[in-house]
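Coordinate analysis (summary)
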Amino acid sequence: MLELRNIQKFYNRGTVNETCIFDDFNLRIEEGEFVSVVGSNGSGKTTMLNIICGSIPIDRGSVMIDGNDITGQREYVRNRIIGRVYQNPSSGVCPSMNIIENMAIADNKGSSYGLGRCINKQRIEYYRSLLSDLNLGLEDKMHIPVGSLSGGQRQALSLVMSTLKPLQFLILDEHTAALDPKTAEVIMELTDKIVREKHVTTIMVTHNLKYAVEYGNRLIMMHEGHAIMDLNGEVKKNTGVDDILGKFYEISIERGN
Amino acid sequence: MTLLLSVFEQGMIYSIMALGIYITYKILDFPDLTVDGSFPMGAAIAAAMISRDMNPVLALLTACVAGAAAGICTGVIHVKFKVRDLLAGIIMMTALYTVHLCIAGKANLPIYGKSTIFENGPVDALFAGSLRPFKTVVIIFLVTMILKYLLDWYLSTKSGFILRAVGDNDTIVTSMGVDKGTVKIVGLAISNALVTMSGCLFAQQQRFYDASMGPGTMVIGLASVIIGMSLLRKVSFIRLTSSVVIGSIIYKGCVAVAIKLGMPSAFLKLITAVLFLAILIVSMERSAKAKPAAQSAGGNGSGNPDGDSDAKVVE
Ligand SMILES: Nc1ncnc2c1ncn2[C@@H]1O[C@H](COP(=O)(O)OP(=O)(O)OP(=O)(O)O)[C@@H](O)[C@H]1O
Ligand SMILES: [Mg+2]
């Protein structure tokens, strides 16, 4: 269970550029939930994920996992139970290392990075089989530096890397945005499969309302630092893209444009 | 012949230092100026210990530990106190000047006639007669190869992979649940240990320590790394560490030729600087021509997208 309690977050506090992203923001995500998060650009979705992962400090409030306060925990410690795909495709891979090397690093997550050999030859076939599920031809590019793959290929690789080892939370930030429609479909199917198989609590930010409606068992719409819509179970199942779109227009009319 | 031998001797001694710079500059992406202080520190340790008739191998090990400590200091200044990389190196470089001066006791300490790694009973017995001139170069070759292979091995370990990852994209190191600061400190420690050992061997070969031998170390190392990388980039079966060693020998050769052509040796630093500039310009033109074929730092030279070939194979 993940809980954000009374979160307050300012950017550039104390300067003329001070912006308040969250003021008393609360969110509770139960174990095993697959939450889709939608919201307009700049509504604070990535900021929320950064707060959960400890990538940025908060001004007030607390982050709790299973009832333990982890607000003060360093980002790298928190990341041990979190798998994350970033909005920027370059953030999840090492560009100058090849696919095998990248996978080998990800494959060691959770144990210590000591003086044992990093690449385990026996695992390479397994990596290859995981990559061939993506249908992007990555299995034939195992020796190519990841920096020369396309953005979408890199993003798909980051997803595979971040879910290679057992994890408690999966954090996805527009992980299909860089993909072509067909590949996006494949990646969404794969995401769903991983979430089901590993029973991992997932938060997926997306601008694709179709995916938000189709996948997951909870849907949240963010707006000006609040979850203005939060649908669960049956209600979510019966909600269509049009309903969400309606809500979007509603808020932009409120804003006066 | 003697000239060639001395190019190889000094080229290989400097190549150990260049390997250290390869770690910080190429792998960690950290311009570490500490080396201008840790190189003479190694020389000071050699001179101080050997002039007191202590074991030259022990001097090398001491240098290794002292260098690692210096690297850790730079790392802590950068990581814990959030001082910019360049400044952290400059601070340590300045501090180390006093350190190596104190270790040596004076600004110039010769160690003629003392036994060194290259000049001692067993070694002299082994290299008798006509083998004698090759004594130093063989020993340096062995030491360099041992250190090079140790580094190659290290870079293939999990710890080595994380080190390569931190310079490439430190976000991923954090996602792997590893503290990127610690990884940087480890990298700086290894790098400076190599540089200090190089300085220690240099003093043993030259048979003196001089307080002014530090400045320019960084430039020599960088030049070696860049020559090695850009000349041998397309020769995919050569490991990057080997190209650094070869680059260092080529660089020493260039300097030797310049001096041979009549440049007064007082101009050494100027030659160094000009040569470095020339190398930089040439290598930048080369890499601009070779398209942005993402430079592969693959330790096994695996990912080399073969491009148009004007690669000069130097051996
Ligand atoms: N480092 C920062 N410094 C200052 N302001 C920031 C910073 N990061 C984000 N912001 C601001 O915070 C607001 C929320 O940004 P955030 O990245 O969370 O949006 P988002 O919901 O992820 O948007 P998108 O859908 O475009 O990814 C934006 O107005 C942005 O300008
Ligand atoms: Mg975002």
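Residues numbered from 1 in each chain as written. Chains lettered and ligands numbered in written order. Predicted model: local features only at pLDDT ≥ 70, side-chain atom pairs only at ≥ 80, totals over all residues. Heavy atoms only, no water.

Remarks on the overall build of chain B
Helix and strand counts for chain B stand at twelve helices and two strands. When the helices and strands of chain B are listed from N to C terminus, the series reads α-α-α-α-β-α-α-α-α-α-β-α-α-α. At 19 Å, chain B has a C-alpha radius of gyration in line with the 20 Å of a compact globule built from 315 residues. With respect to the principal axes defined by its C-alpha atoms, chain B has extents near 55 × 45 × 35 Å. Across the 315 residues of chain B, 55% fall into the buried class. Look at the contacts in chain B between residues 6 or more apart in sequence, and 79% of them connect residues 24 or more apart. With an accessible surface of roughly 13600 Å², chain B has 69% of that area assigned to carbon and sulfur atoms. Computing the positive centroid from 25 side-chain charges and the negative centroid from 18, chain B places the two 1 Å apart. (Helix = DSSP H or I, 4+ residues; strand = E, 2+ residues; numbered from the N terminus. Rg over C-alpha atoms; globule rule 2.2 N^0.38 Å. Buried < 20%, exposed > 50% of the residue type's maximum accessible area, 1.4 Å probe, protein only. Contact = heavy atoms within 4.5 Å. Areas by Shrake-Rupley, 256 points an atom, 1.4 Å probe, with all protein chains shown as cover. Lys, Arg positive; Asp, Glu negative; His and termini not counted. Charge placed at Lys NZ, Arg CZ, Asp CG, Glu CD.)

Things to note about the overall build of chain A
A count of helical and extended segments in chain A gives nine helices and ten strands. With the C-alpha coordinates aligned to their principal axes, the bounding extent of chain A is approximately 55 × 40 × 35 Å. Taken across its 257 residues, chain A has 53% of its residues classed as buried. Excluding contacts between residues fewer than 6 apart, the proportion of contacts in chain A whose partners are at least 24 apart in sequence is 70%. Summed over all atoms, the accessible surface of chain A reaches about 11500 Å², with 49% contributed by carbon and sulfur. A distance of 7 Å separates the average location of the 28 positive side-chain charges in chain A from that of its 32 negative side-chain charges.

Examining empty space enclosed by the protein
Counting across every chain of the model gives two cavities of 30 Å³ or more. Counted as a void, the largest cavity has a volume near 90 Å³. Lining the largest cavity, in full, are A:I82, A:G83, A:R84, A:Y86, A:G92, A:K109, A:S158, A:M161, A:S162, B:I172, B:S175 and B:M176. Every element with two or more residues in the lining of the largest cavity is listed here: β6 (82-85) and α5 (151-162) of chain A together with α8 (170-175) of chain B. Of the residues belonging to the lining of the largest cavity, the class tally is five nonpolar, five polar and two charged. (1 Å grid on protein atoms, 1.4 Å probe; cavity = no way out; pocket = protein on both sides within 12 Å on 5 of 7 lines; lining within 4 Å. Points joined across faces, edges and corners; volume = space filled by probe spheres on them. Nonpolar A, V, L, I, M, F, W, Y, C, P; charged D, E, K, R; others polar.)

Here we look at the site of ligand 1
Residue and element names in this part refer to chain A. Around ligand 1 sit 13 residues in total, of which N41, K45, T46, T47 and H207 are the nearest. Separating an oxygen atom of ligand 1 from a side-chain N or O atom of H207 is a distance of 2.9 Å. In isolation ligand 1 exposes 640 Å². Once the protein is present, 62% of that is buried. Looking at which element gives the most residues to the shell around ligand 1, the answer is helix α1 (residues 45-53), with three residues. (Near = heavy atom within 4 Å. Polar contact = N/O pair within 3.5 Å; in protein donor to acceptor, adjacent residues only side chain to side chain.)

Quick word on the coordination of the magnesium ion (ligand 2)
Residue and element names in this part refer to chain A. Those donors, T46 (OG1) and Q87 (OE1), are the protein atoms that reach the magnesium ion (ligand 2), and they lie 1.8 to 2.3 Å from it. Residue T46 is located in helix α1, and its partner Q87 is located in the loop between β6 and α3 (99-107); the two are separated by 41 residues in the primary sequence. The exposure class of T46 is partly exposed, given its relative accessible area of 27%. Q87 gets classed as partly exposed once you look at its relative accessible area, which sits at 38%. (Donors = N, O, S within 2.8 Å, 3.2 Å for Na, K, Ca; no water.)

Section: the packing of helix α6 (residues 135-156) of chain B against helix α7 (residues 158-168) of chain B
All names here are of chain B. In the contact formed by α6 and α7, the axes pass within 4 Å of each other and the chain directions differ by 80°. On the basis of the axis angle, α6 is roughly perpendicular to α7. Every residue of α7 that contacts α6 at Y154, L155 and S156 is listed here: K158, S159, G160, F161, L163 and R164. A per-class count over the contact of α6 with α7 returns four nonpolar, three polar and two charged. (Axes fitted to C-alpha atoms, helices over the stretch in contact; angles between N-to-C directions. Parallel < 35°, antiparallel > 145°, perpendicular 65-115°, else oblique.)

Some words on the side chain of B:D152
Residues and elements named next belong to chain B. Among the structural elements, D152 can be located in helix α6. The class for D152 is buried, based on a relative accessible area of 10%. The contact partners of D152, leaving out residues within four places of it in the chain, are R239 and T241.

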